[in-house]
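Geometric and topological summary
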Amino acid sequence: MKLLIIGAGDVGFQLTKRLSADHNITLIEHDPQKAKRASEQLDAFVLEGHGGSYSLLRKAGIGKADIVAAMTNNDELNILICQMARRAGKANTIARVRNHEYTLPDCLIPQNELADLVIHPEKETAAAVMRLIRQSAATDVIDLVDGKLQLIGIRLDDTSPILRIPLRELVQRFDNRNIRIVTIHRRDRSTIPRGDDILAAGDQDFFLCKPQHQSDVISFTGKVKTDISNVMILGGGLVGQFIARDIGKNIHVKIVESNEDKAGEIADLLPRSLIIHGDGTDIDLLAVEGLMDMDAFISVTGSDETNIISTLVARHLRVPRTIALVNTVEYMPVTTTIGMDAVVSKQLLTVNAVQRYIRQHQIASIASIPGVDAQIIEFIAKERSKITRKPLREIGFPPHAIAGAIVHDGRAEIISGDTHIQPGDKVAVFMLPQALRKVEKLFK
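These remarks concern the structure in this document. (Residues numbered from 1 in each chain as written. Predicted model: local features only at pLDDT ≥ 70, side-chain atom pairs only at ≥ 80, totals over all residues. Heavy atoms only, no water.)

Of regular secondary structure, the chain possesses 15 helices and 22 strands. Radius of gyration (C-alpha) of the chain: 23 Å, near the 22 Å computed for a compact globule of 444 residues. The dimensions of the chain, computed from C-alpha atoms along their principal axes, are 60 × 60 × 40 Å. Looking at the 444 residues of the chain, the share that counts as buried comes to 55%. Here the analysis covers contacts within the chain between residues at least 6 apart in sequence; of these, 61% occur between residues at least 24 apart. A total accessible area of about 20000 Å² is found for the chain, and carbon and sulfur atoms account for 47% of it. Of the side-chain charges in the chain, 54 are positive and 55 negative, and the distance between the mean point of each set is 9 Å. (Helix = DSSP H or I, 4+ residues; strand = E, 2+ residues; numbered from the N terminus. Rg over C-alpha atoms; globule rule 2.2 N^0.38 Å. Buried < 20%, exposed > 50% of the residue type's maximum accessible area, 1.4 Å probe, protein only. Contact = heavy atoms within 4.5 Å. Areas by Shrake-Rupley, 256 points an atom, 1.4 Å probe, with all protein chains shown as cover. Lys, Arg positive; Asp, Glu negative; His and termini not counted. Charge placed at Lys NZ, Arg CZ, Asp CG, Glu CD.)

Before going further, it helps to examine the pattern of salt bridges. Inspection of the entire model under this criterion finds 10 salt bridges. Note that Arg98 is salt-bridged to Glu122, the shortest N-O span being 2.8 Å. You can see Arg98 sitting in the loop between β5 (92–96) and α5 (111–114) and its partner Glu122 sitting in helix α6 (residues 121–134), a full 24 residues away along the chain. Under the relative-accessibility criterion, Glu122 is labelled buried at 1%. (Salt bridge = Lys/Arg side-chain N within 4 Å of Asp/Glu carboxyl O.)

Right, let's get into the packing of aromatic side chains. Scanning the entire structure with this criterion turns up 2 aromatic pairs. Taking 6.2 Å as the distance between ring centres and 85° as the angle between the ring planes, the aromatic pair formed by Phe207 and Phe220 counts as edge-to-face. Of this pair, Phe207 sits in strand β11 (residues 204–209) while Phe220 sits in helix α8 (residues 214–220), and the two are 13 residues apart along the sequence. In this structure Phe220 comes out as buried when scored by relative accessible area, which is 12%. Ring geometry for Phe379 against Phe443: centres 4.7 Å apart, planes inclined by 15°, an arrangement best described as stacked. On the criterion of sequence distance, the pair formed by Phe379 in strand β19 (residues 375–380) and Phe443 in helix α15 (residues 436–443) is long-range, its members being 64 residues apart. Just above the ring of Phe13 sits the side chain of Arg37; from NZ or CZ to the centre is 3.8 Å. (Phe/Tyr/Trp six-rings, centres within 6.5 Å; stacked < 30°, edge-to-face > 60°. Lys NZ or Arg CZ within 6 Å of the ring centre and 35° of its normal.)

Here the focus is the pairing of strand β2 (residues 24–29). Counting buried residues along β2, 5 of its 6 residues qualify, which places the element largely inside the surrounding structure. Strand direction decides the pairing type here: strand β1 (residues 2–6) and β2, joined by 5 bridges, are parallel. Paired with Lys2 across the strands is Asn24, a residue of β2. Note on the crossover from β1 through helix α1 (residues 10–19) to β2: the handedness is right-handed. Two elements, β2 and strand β3 (residues 45–48), share 4 bridges in a ladder whose sense is parallel. Its bridge partner being in β3, Leu27 is matched across the sheet by Val46. For the handedness criterion, the β-α-β arrangement of β2, helix α2 (residues 32–41) and β3 is classed as right-handed. (Pairing = 2+ DSSP bridges. Right-handed = clockwise from strand over helix to strand, strands pointing away.)

Here Ile276 shows up in strand β14 (residues 274–277). Between the alpha carbons of Ile276 and Asn307 there is a distance of 17 Å; along the sequence they are 31 residues apart. Ignoring sequence-local partners within four residues, the contact set of Ile276 consists of Lys254, Ile255, Val256, Glu257 and Glu289.

This part takes up the sheet that holds β11. Overall, antiparallel pairing links the 5 strands, which are arranged β7-β8-β11-β9-β10 in an open sheet. With one partner strand each, in any of the chains shown, β7 (140–144) and β10 (189–191) form the two edges of the open sheet. Mean inter-strand twist for the sheet, computed between neighbouring axes without regard to direction, equals 20°. Summarising the sheet, strand β9 (residues 179–186) and β11 pair through 6 bridges and their orientation is antiparallel. Within β11, the position partnered with Ile179 by the bridge is Cys209. (Axes fitted to C-alpha atoms, helices over the stretch in contact; angles between N-to-C directions.)

Here you go:
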């Protein structure tokens, strides 16, 4: 598939990095330094120039591209590029749009006329944070197969009742048709579990289940769900505003914003929330404003360092639930090591949304977990594919991969060795990157 990506910032760079092994990618970047970095580090044809130049877009093959993804920081430029792509060829178009007014129902231009897919990074991030608030014992909550299944990340402490027990014995303690352990993340290393593996304190383990069995996962791991009544949000940008607007009807919200003018604007927009003008790195200020009395602390400022440090302080003060926005991809592997609770990445959430759309013809969905090497891919079994010929235990599934669940005739079930996958079934597979090619062959 031929992809044309405009913008080699954090999103465009990561998107190209993930997709370049399987697709022919041309990348356009206006900034000389970013273009040089992309050219040196990515397996893609990189052109330096302005993404709004039609002559440059023609040179990049806009008329022959299958997908055009406009990922620059300029909303209007992204929309313009998608409009030109539609007129130049038959490409499917994707626009990264940060101005939420473009996504409102009363916008004069419908979203499907802006682009085939419009992604709002701040809304994606706020939605991820709100899932974590609702499931307060988890480090990650990811919806799969249209919400029929969920992946729940849990960090085990030394009092967990499931430590030091081989997994093949653990499955006898719960109904393996409802819950399955699919990934273990330990000391910066992710593994796909086997029967003789054991769980240890400090592990970040990922459980696949149906939404109605979330509470079973929590009790199974010895965690206690915290009732969230009081929340402090550090950062009054779009992400913080979306979160406060969604949870403010039922939860007491305080927002700490360092910019005085913005604090005044937010106070008018969010009358149910208490807006505090002050420096979020001032620990005394946070303490005076009741940080230790909060059920949750969410740091979503524009500074990764501020978000990391403030959430670590909140954890030190025993705030039950802390969530941090961390956008520097290089920071993600160390967040669990230094004791952070839950982390979201605006860039990675945006990349996941783009990947789901790009791969929708062969794969129903794709997602990555911040700081974890394993990928979650929902394959669709084809007619005469190898995966449909025998029960799963006789297929010889590749190492570093595990089939977690199946959706057959609209019904989701956790997979066992006796499961016989049929053409048209959706299968959620958890794998390390090195297993992708072998798993893809089973579904072709």
